[in-house]
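Below are the chains, spelled out letter by letter.
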Amino acid sequence: MKSKIAITSALGVLVVVLLFLNLRAILRPAKYQEVYQQRVEMNENRLTAISLLQELFHERYHYYASDIDTLINFYETGEMISVNTNEKPPKDSLTDEKFMEKFMNMTMKQREDCGYVVFDTIRTSVKARMESELAEKNAKKDPGHLITMNEFYNIPYNNKKYKIITPNDSVVSKFMIVVPKEQLMNDFSASLPQSAFSKVLYGGMDKVYNKAEAKNNLKDLREIKNFAGVKLGDTTNFTLDIVTYE
(Lines give C-alpha, C1' and ligand atoms only; values in the text may rest on other atoms or scores of the structure.)
Protein backbone atom coordinates (compact mmCIF):
# COMPACT_ATOMS: atom_id res chain seq x y z
CA MET A 1 0.00 0.00 0.00
CA LYS A 2 2.75 2.41 0.97
CA SER A 3 4.68 1.52 -2.17
CA LYS A 4 1.63 2.33 -4.32
CA ILE A 5 1.28 5.72 -2.62
CA ALA A 6 4.98 6.39 -3.13
CA ILE A 7 4.77 5.41 -6.80
CA THR A 8 1.64 7.55 -7.28
CA SER A 9 3.32 10.50 -5.60
CA ALA A 10 6.44 10.06 -7.68
CA LEU A 11 4.40 9.87 -10.87
CA GLY A 12 2.50 12.99 -9.80
CA VAL A 13 5.74 14.85 -9.26
CA LEU A 14 7.04 13.59 -12.60
CA VAL A 15 3.89 14.78 -14.38
CA VAL A 16 4.21 18.22 -12.77
CA VAL A 17 7.87 18.42 -13.75
CA LEU A 18 7.10 17.38 -17.33
CA LEU A 19 4.26 19.90 -17.56
CA PHE A 20 6.58 22.61 -16.27
CA LEU A 21 9.31 21.66 -18.76
CA ASN A 22 6.80 21.66 -21.63
CA LEU A 23 5.45 25.01 -20.51
CA ARG A 24 9.00 26.35 -20.27
CA ALA A 25 9.84 25.04 -23.75
CA ILE A 26 6.80 26.83 -25.19
CA LEU A 27 7.04 30.11 -23.31
CA ARG A 28 10.76 30.84 -23.53
CA PRO A 29 10.89 31.17 -27.36
CA ALA A 30 7.75 33.32 -27.26
CA LYS A 31 9.31 35.53 -24.59
CA TYR A 32 12.52 35.92 -26.61
CA GLN A 33 10.46 37.10 -29.58
CA GLU A 34 8.33 39.43 -27.45
CA VAL A 35 11.30 41.12 -25.78
CA TYR A 36 13.18 41.34 -29.07
CA GLN A 37 10.27 43.10 -30.77
CA GLN A 38 9.91 45.50 -27.82
CA ARG A 39 13.61 46.36 -27.90
CA VAL A 40 13.62 46.84 -31.68
CA GLU A 41 10.65 49.20 -31.46
CA MET A 42 12.24 51.20 -28.63
CA ASN A 43 15.43 51.63 -30.65
CA GLU A 44 13.55 52.41 -33.85
CA ASN A 45 11.61 55.13 -32.04
CA ARG A 46 14.76 56.73 -30.65
CA LEU A 47 16.59 56.43 -33.95
CA THR A 48 13.62 58.04 -35.67
CA ALA A 49 13.90 60.98 -33.27
CA ILE A 50 17.65 61.21 -34.00
CA SER A 51 16.98 61.04 -37.74
CA LEU A 52 14.45 63.88 -37.57
CA LEU A 53 16.82 65.90 -35.43
CA GLN A 54 19.64 65.31 -37.93
CA GLU A 55 17.40 66.53 -40.73
CA LEU A 56 16.75 69.75 -38.81
CA PHE A 57 20.48 70.07 -38.07
CA HIS A 58 21.22 69.65 -41.77
CA GLU A 59 18.56 72.22 -42.66
CA ARG A 60 20.20 74.67 -40.25
CA TYR A 61 23.90 74.03 -40.96
CA HIS A 62 23.93 72.09 -44.27
CA TYR A 63 25.75 69.08 -42.84
CA TYR A 64 24.94 66.37 -40.30
CA ALA A 65 26.08 66.34 -36.68
CA SER A 66 29.06 64.05 -36.20
CA ASP A 67 28.40 63.14 -32.56
CA ILE A 68 25.40 62.68 -30.32
CA ASP A 69 26.40 65.38 -27.81
CA THR A 70 26.22 67.99 -30.58
CA LEU A 71 22.70 66.83 -31.36
CA ILE A 72 21.72 66.98 -27.68
CA ASN A 73 22.96 70.58 -27.45
CA PHE A 74 21.20 71.44 -30.71
CA TYR A 75 17.94 70.04 -29.36
CA GLU A 76 18.24 71.81 -26.01
CA THR A 77 19.40 75.25 -27.19
CA GLY A 78 19.18 75.41 -30.98
CA GLU A 79 17.01 77.62 -33.17
CA MET A 80 15.63 77.14 -36.66
CA ILE A 81 15.74 80.32 -38.76
CA SER A 82 13.56 80.96 -41.78
CA VAL A 83 13.25 84.10 -43.87
CA ASN A 84 10.01 85.13 -45.57
CA THR A 85 10.25 87.49 -48.54
CA ASN A 86 7.37 89.92 -49.02
CA GLU A 87 7.19 92.20 -52.06
CA LYS A 88 5.80 95.62 -51.18
CA PRO A 89 5.75 98.19 -53.99
CA PRO A 90 4.45 101.63 -52.99
CA LYS A 91 0.68 101.55 -52.45
CA ASP A 92 0.03 104.57 -54.67
CA SER A 93 1.84 102.84 -57.53
CA LEU A 94 -0.40 99.76 -57.69
CA THR A 95 -2.72 101.54 -60.12
CA ASP A 96 0.15 102.98 -62.13
CA GLU A 97 0.44 100.67 -65.13
CA LYS A 98 3.83 102.04 -66.22
CA PHE A 99 5.30 101.58 -62.76
CA MET A 100 3.89 98.07 -62.38
CA GLU A 101 5.30 97.11 -65.76
CA LYS A 102 8.70 98.42 -64.64
CA PHE A 103 8.34 96.66 -61.28
CA MET A 104 7.51 93.32 -62.90
CA ASN A 105 10.63 93.57 -65.06
CA MET A 106 12.93 94.30 -62.10
CA THR A 107 15.27 91.65 -60.75
CA MET A 108 14.96 90.72 -57.08
CA LYS A 109 18.21 92.63 -56.41
CA GLN A 110 16.80 95.76 -58.03
CA ARG A 111 13.62 95.46 -55.98
CA GLU A 112 15.70 95.07 -52.82
CA ASP A 113 17.82 98.14 -53.68
CA CYS A 114 14.65 100.21 -54.19
CA GLY A 115 13.18 99.01 -50.89
CA TYR A 116 10.33 97.15 -52.56
CA VAL A 117 11.15 93.87 -50.75
CA VAL A 118 10.81 93.23 -47.03
CA PHE A 119 12.48 90.30 -45.30
CA ASP A 120 10.88 88.79 -42.19
CA THR A 121 13.15 86.55 -40.09
CA ILE A 122 11.30 83.89 -38.12
CA ARG A 123 13.04 82.05 -35.28
CA THR A 124 11.67 78.79 -33.91
CA SER A 125 13.25 76.67 -31.19
CA VAL A 126 14.42 73.22 -32.24
CA LYS A 127 12.31 71.75 -29.44
CA ALA A 128 9.19 73.34 -30.92
CA ARG A 129 10.02 72.05 -34.41
CA MET A 130 10.65 68.56 -33.06
CA GLU A 131 7.34 68.64 -31.22
CA SER A 132 5.63 69.43 -34.50
CA GLU A 133 7.58 66.76 -36.43
CA LEU A 134 6.85 64.08 -33.82
CA ALA A 135 3.17 64.98 -33.68
CA GLU A 136 2.95 64.15 -37.36
CA LYS A 137 4.75 60.83 -36.88
CA ASN A 138 2.80 59.88 -33.75
CA ALA A 139 -0.55 60.56 -35.41
CA LYS A 140 -0.06 57.22 -37.19
CA LYS A 141 1.03 55.25 -34.10
CA ASP A 142 -0.82 53.58 -31.23
CA PRO A 143 -0.92 55.58 -27.96
CA GLY A 144 1.32 53.09 -26.17
CA HIS A 145 4.03 53.22 -28.84
CA LEU A 146 4.64 56.93 -29.32
CA ILE A 147 8.00 58.45 -30.19
CA THR A 148 9.25 60.83 -27.49
CA MET A 149 12.43 62.82 -26.87
CA ASN A 150 12.91 61.23 -23.45
CA GLU A 151 16.53 59.98 -23.39
CA PHE A 152 16.51 59.84 -27.20
CA TYR A 153 20.30 59.76 -27.12
CA ASN A 154 20.63 56.54 -25.03
CA ILE A 155 20.46 52.95 -26.21
CA PRO A 156 17.61 51.46 -24.12
CA TYR A 157 18.76 49.24 -21.22
CA ASN A 158 22.39 49.89 -22.16
CA ASN A 159 23.50 53.03 -20.28
CA LYS A 160 25.38 54.03 -23.43
CA LYS A 161 24.80 56.85 -25.86
CA TYR A 162 24.29 56.09 -29.52
CA LYS A 163 27.51 56.54 -31.48
CA ILE A 164 27.30 58.45 -34.75
CA ILE A 165 29.66 56.98 -37.33
CA THR A 166 30.78 59.26 -40.17
CA PRO A 167 33.12 58.83 -43.17
CA ASN A 168 36.57 60.35 -43.03
CA ASP A 169 35.43 63.37 -45.02
CA SER A 170 36.11 66.95 -44.00
CA VAL A 171 32.38 67.67 -44.19
CA VAL A 172 29.87 65.34 -42.54
CA SER A 173 27.57 64.56 -45.45
CA LYS A 174 26.57 61.06 -44.41
CA PHE A 175 26.27 59.22 -41.11
CA MET A 176 25.29 55.86 -39.63
CA ILE A 177 24.33 54.49 -36.22
CA VAL A 178 24.49 50.76 -35.54
CA VAL A 179 23.04 48.90 -32.57
CA PRO A 180 24.38 45.32 -32.55
CA LYS A 181 22.12 42.55 -31.32
CA GLU A 182 24.12 42.26 -28.10
CA GLN A 183 23.60 45.94 -27.30
CA LEU A 184 19.97 45.87 -28.36
CA MET A 185 19.25 42.96 -25.99
CA ASN A 186 21.53 44.07 -23.15
CA ASP A 187 20.16 43.52 -19.61
CA PHE A 188 17.57 41.13 -21.03
CA SER A 189 16.29 40.16 -17.58
CA ALA A 190 15.04 43.74 -17.02
CA SER A 191 12.28 43.01 -19.56
CA LEU A 192 11.22 39.75 -17.91
CA PRO A 193 8.56 39.23 -15.20
CA GLN A 194 10.09 39.45 -11.74
CA SER A 195 7.96 36.95 -9.79
CA ALA A 196 9.65 33.91 -8.25
CA PHE A 197 7.85 31.55 -10.65
CA SER A 198 8.85 33.67 -13.64
CA LYS A 199 12.46 33.69 -12.54
CA VAL A 200 12.42 29.90 -12.49
CA LEU A 201 10.61 29.82 -15.85
CA TYR A 202 12.81 32.36 -17.61
CA GLY A 203 16.00 32.03 -15.60
CA GLY A 204 19.24 32.24 -17.57
CA MET A 205 17.73 33.69 -20.72
CA ASP A 206 19.88 36.80 -20.50
CA LYS A 207 23.08 34.74 -20.58
CA VAL A 208 22.55 33.73 -24.19
CA TYR A 209 23.67 37.23 -25.25
CA ASN A 210 26.86 36.91 -23.21
CA LYS A 211 29.44 35.62 -25.68
CA ALA A 212 31.40 33.95 -22.89
CA GLU A 213 28.39 31.86 -21.88
CA ALA A 214 26.49 31.53 -25.16
CA LYS A 215 28.04 28.14 -25.92
CA ASN A 216 26.29 26.73 -22.84
CA ASN A 217 22.87 27.87 -24.10
CA LEU A 218 22.71 26.18 -27.49
CA LYS A 219 18.96 25.62 -27.34
CA ASP A 220 18.30 29.26 -26.55
CA LEU A 221 20.78 30.30 -29.23
CA ARG A 222 18.68 28.44 -31.81
CA GLU A 223 15.66 30.49 -30.76
CA ILE A 224 17.41 33.81 -31.50
CA LYS A 225 19.46 32.83 -34.53
CA ASN A 226 17.32 35.03 -36.79
CA PHE A 227 17.40 38.07 -34.53
CA ALA A 228 19.40 41.02 -35.82
CA GLY A 229 20.66 44.44 -34.80
CA VAL A 230 19.28 47.80 -35.91
CA LYS A 231 20.96 50.37 -38.17
CA LEU A 232 20.14 53.97 -39.06
CA GLY A 233 21.62 55.51 -42.19
CA ASP A 234 24.65 54.48 -44.20
CA THR A 235 28.09 56.04 -44.62
CA THR A 236 28.31 54.99 -48.28
CA ASN A 237 24.81 55.94 -49.40
CA PHE A 238 22.60 58.94 -48.78
CA THR A 239 19.86 57.32 -46.74
CA LEU A 240 18.22 57.82 -43.37
CA ASP A 241 16.38 54.50 -43.41
CA ILE A 242 16.19 52.37 -40.27
CA VAL A 243 16.81 48.71 -41.06
CA THR A 244 17.80 45.48 -39.33
CA TYR A 245 21.25 44.15 -40.04
CA GLU A 246 23.44 41.20 -39.17
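Data block above holds the structure.
Residues numbered from 1 in each chain as written. Predicted model: local features only at pLDDT ≥ 70, side-chain atom pairs only at ≥ 80, totals over all residues. Heavy atoms only, no water.

**Considering the side chain of Asn154**
Part 1 of the reasoning: Mapped onto the elements, Asn154 comes out in strand β3 (residues 154-155).
Part 2 of the reasoning: For Asn154, a relative accessible area of 17% corresponds to the buried category. (Helix = DSSP H or I, 4+ residues; strand = E, 2+ residues; numbered from the N terminus. Buried < 20%, exposed > 50% of the residue type's maximum accessible area, 1.4 Å probe, protein only.)

**Things to note about the pattern of salt bridges**
Part 1 of the reasoning: Scanning all chains against the criterion turns up 7 salt bridges.
Part 2 of the reasoning: Its salt-bridge partner being Glu79, residue Arg123 comes within 3.1 Å of it at the nearest N-O pair. Of the two residues, Arg123 sits in strand β2 (residues 117-125) while Glu79 sits in strand β1 (residues 79-87), which places them 44 residues apart along the sequence.
Part 3 of the reasoning: On the basis of relative accessibility, which here comes to 35%, the residue Glu79 falls in the partly exposed class.
Part 4 of the reasoning: Asp234 is the partner of Lys231 in a salt bridge, and the nearest nitrogen-oxygen pair spans 3.6 Å. Both residues of the pair, Lys231 and Asp234, count as buried.
Part 5 of the reasoning: Within the structure, one salt-bridge network assembled from shared partners comprises Glu59, Arg129 and Glu133. (Salt bridge = Lys/Arg side-chain N within 4 Å of Asp/Glu carboxyl O.)

**Structural notes on helix α2 (residues 68-77)**
Part 1 of the reasoning: All of the buried residues in α2 are Ile68, Leu71, Ile72, Phe74 and Tyr75. An end-on view of α2 places all buried positions within 165° of arc, on one side of the element.
Part 2 of the reasoning: Between the side-chain oxygen at the start of α2 and the backbone nitrogen of Asp69 there is a gap of 3.2 Å, and the oxygen is on Asp67. (Arc of directions from axis to C-beta. Polar contact = N/O pair within 3.5 Å; in protein donor to acceptor, adjacent residues only side chain to side chain.)

**Points about a nonpolar patch on the surface**
Part 1 of the reasoning: Together, Tyr61, Tyr63 and Val171 give the surface a local cluster of nonpolar side chains, amounting to about 270 Å² of exposed area.
Part 2 of the reasoning: For Tyr61, the position within the fold is in helix α1 (residues 2-61).
Part 3 of the reasoning: Given a relative accessible area of 36%, Tyr61 falls into the partly exposed group. (Patch = residues over 30% accessible without salt bridge, like charges linked within 9 Å, V, L, I, M, F, W, Y side chains within 5 Å. Areas by Shrake-Rupley, 256 points an atom, 1.4 Å probe, with all protein chains shown as cover.)

**Some points on the packing of α2 against helix α5 (residues 126-138)**
Part 1 of the reasoning: Relative orientation of the contacting elements α2 and α5 amounts to 95°, with a least axis distance of 6 Å. As summarised for this structure, α2 and α5 are arranged roughly perpendicular, according to the angle between their axes. Residue-level contacts link Phe74, Tyr75 and Glu76 of α2 to Val126, Lys127 and Met130 of α5.
Part 2 of the reasoning: Looking at the contact of α2 with α5 residue by residue, the classes come out as 4 nonpolar, no polar and 2 charged. (Axes fitted to C-alpha atoms, helices over the stretch in contact; angles between N-to-C directions. Parallel < 35°, antiparallel > 145°, perpendicular 65-115°, else oblique. Contact = heavy atoms within 4.5 Å. Nonpolar A, V, L, I, M, F, W, Y, C, P; charged D, E, K, R; others polar.)

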